[in-house]
Amino acid sequence: MNELLFDTVEKESKVELPENLIFGRTFTTHMFEMNYDSAKGGWYSPRITKVSNINMSPAAMVLHYGQAIFEGLKAFNQVDGKVAIFRPDKNLERMNNSARRLCMPEFDTSEVMNALLELVKLEKDWIPPKPGHSLYIRPVMFSLDPFLGVRPSETYKLIILLSPVGPYYPEGFKPVPIMVTDKYVRAAAKGVGDCKCAGNYASSLLAQREAKQNGYSQVLWLDSIEQKYIEEVGTMNIFIQFKDEVATPRLTGSILPGVTRLSVLTILKDWGYNVNERDVAIEEVAEAYNNNNLVEIFGTGTAAVISSLSKLKYNDLLMNFNDEEAGELGKKLYAEITGIQYGRIEDRYNWLTFVK
Ligand SMILES: *Cc1c(COP(=O)(O)O)cnc(C)c1O
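Reading guide: rules and limits
Residues numbered from 1 in each chain as written. Predicted model: local features only at pLDDT ≥ 70, side-chain atom pairs only at ≥ 80, totals over all residues. Heavy atoms only, no water. Helix = DSSP H or I, 4+ residues; strand = E, 2+ residues; numbered from the N terminus. Expected span 1.5 Å × (residues − 1). Buried < 20%, exposed > 50% of the residue type's maximum accessible area, 1.4 Å probe, protein only. Arc of directions from axis to C-beta. Core = buried A, V, L, I, M, F, W, Y, C linked by side-chain atoms within 4.5 Å. Domains from an automatic or database assignment. Contact = heavy atoms within 4.5 Å. Phe/Tyr/Trp six-rings, centres within 6.5 Å; stacked < 30°, edge-to-face > 60°. Lys NZ or Arg CZ within 6 Å of the ring centre and 35° of its normal. Near = heavy atom within 4 Å. Polar contact = N/O pair within 3.5 Å; in protein donor to acceptor, adjacent residues only side chain to side chain. Areas by Shrake-Rupley, 256 points an atom, 1.4 Å probe, with all protein chains shown as cover. Nonpolar A, V, L, I, M, F, W, Y, C, P; charged D, E, K, R; others polar.

Draft legend 1. Geometry of helix H2 (residues 88-101). Between its terminal C-alpha atoms H2 stretches 20 Å, which fits the 20 Å expected from 14 residues at 1.5 Å a residue. Turning to H2, its buried residues number three or more, namely Pro-88, Asn-91, Leu-92, Arg-94, Met-95, Asn-96, Ser-98 and Ala-99.

Draft legend 2. Just helix H7 (residues 282-290), in detail. Along H7, the residues that are buried comprise Ile-282, Val-285, Ala-286 and Ala-288. Across the axial projection of H7, the buried residues extend over an arc of 160 degrees, all falling on one side. In H7, the exposed residues that point more than 90 degrees away from the buried face are Glu-287 and Asn-290. Once H7 finishes, Asn-292 follows within two positions and takes phi at roughly 60 degrees, a positive value.

Draft legend 3. Expanded view of the nonpolar core. Counting residues in hydrophobic clusters, the biggest one holds 50 residues, and the most contacted among them are Ile-230, Ile-240, Val-285, Leu-294, Ile-297 and Leu-312. A domain-level breakdown of this core finds at least three residues from each of domain 1 (5-167) and domain 2 (176-341). Residue contacts for Ile-297: discarding those within four places in its chain leaves Ile-238, Phe-239, Ile-240, Val-285, Ser-307, Ser-308, Leu-309, Leu-312 and Phe-321.

Draft legend 4. Just the side chain of His-133, in detail. Positionally, His-133 belongs in the loop between helix H3 (109-122) and strand S7 (134-143). Owing to a relative accessible area of 11%, His-133 belongs among the buried residues under this scheme. Here His-133 is in contact with Leu-21, Phe-76, Pro-128, Val-165, Gly-166, Pro-167 and Tyr-342, once residues within four sequence places are set aside.

Draft legend 5. Examining the packing of aromatic side chains more closely. Overall, the coordinates contain nine aromatic pairs when judged by the stated rule. Between Phe-23 and Tyr-136, the ring centres sit 5.1 Å apart and the planes meet at 65 degrees, which makes this aromatic pair edge-to-face. Here the residue Phe-23 occupies a position in the loop between strand S1 (5-6) and strand S2 (30-37), and Tyr-136 occupies one in strand S7, the gap between them amounting to 113 residues. Assessed through its relative accessible area of 10%, Tyr-136 is described here as buried. Through a chain of ring-to-ring contacts, three or more aromatic side chains come together here, namely Tyr-36, Trp-43 and Tyr-156. Over the face of the ring belonging to Phe-354 we find Lys-82, whose NZ or CZ atom lies 4.9 Å from the ring centre. Over the ring of Trp-271 we find Lys-332; its NZ or CZ atom is 4.8 Å from the centre of that ring.

Draft legend 6. Main features of the site of the ligand. Close to the ligand lie 15 residues; Lys-196, Tyr-201, Glu-232, Thr-260 and Thr-302 are nearest. Separating an oxygen atom of the ligand from a side-chain N or O atom of Lys-196 is a distance of 2.7 Å. Between Glu-232 and the ligand, the recorded distance is 2.4 Å, taken from a side-chain N or O atom to a nitrogen atom. For the ligand, whose free accessible area comes to 380 Å², the fraction covered by protein is 95%. Elements with a contribution of two residues or more to the shell around the ligand: helix H6 (259-270) and strand S15 (294-301). Of the residues belonging to the shell around the ligand, the class tally is four nonpolar, seven polar and four charged.

Here it is as structure tokens:
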């Protein structure tokens, strides 16, 4: 294992945080960086260094062939002053899965976990001491060979950036209008839908733009083969509460296996809900709505935790939930998960990793 280096790292005496934090715009002073070269035998010189621009060739393979993967997770200032990261082991494991699928090198998760904990410890004064705030953690890996032939690169860089963030819904937990799209698909069967790779997001932008032009904030994605089964909502996993069941699409390979999704499944089972991972046809949801059998729908993801739907447009059917307030189950789950993250509720599943 390589020793973690600290490049002339000095902690600032006082962190100046902007008044209004816009998601993903402010970065802390330091980042983690590590390089890979197969000719050098793998990963080398892991270091914590100042955030600065990257010097790379215009022929760098990532720009041309898109070997780029990322992750998203959060660190929290807890009520008793401790700093906790939510399920980081799951994100590092998932990043290695993405790497494998894109012919990128895997890393030693305990080495990167150690570096992440050191980085967050160094930058912990950047976690805003305000309710609902946190430190968003963004690992990213990309290929660097200056080469125009199509093959896996031999050189890569892995970076971990930190960004202080405010609450996702500054005016409180507000439900959002969503439209079903069958014009575009997010991810194809046997493709890379279950990887957090950059290209998936580029290919989803047009659908989102068209949804916005129609007055919806995001699209609900259907499967790539029949456009029949529900997959995800925007960049979140989706849960549908029927009167006697909570259902979420099973992981078919084109769905991103969310950490929040997994956590919600655990909590719902614990609470005694009838919860199933299964195929959910959009027609089934429409029928349940028409029969008064549909209770609520919400998305799950690290950034917002829970995001309730106010409306769902499917062809000519406009399903109306609550415009003003999130659904009951969504609110309960939000309170439970954020309660654990901020230390207001006991960490009974051992989901937190503490920064010492
Ligand atoms: C990141 C992501 C999610 C949510 O995953 P979490 O681990 O819960 O943040 C869901 N769908 C897509 C497409 C994603 O990129």
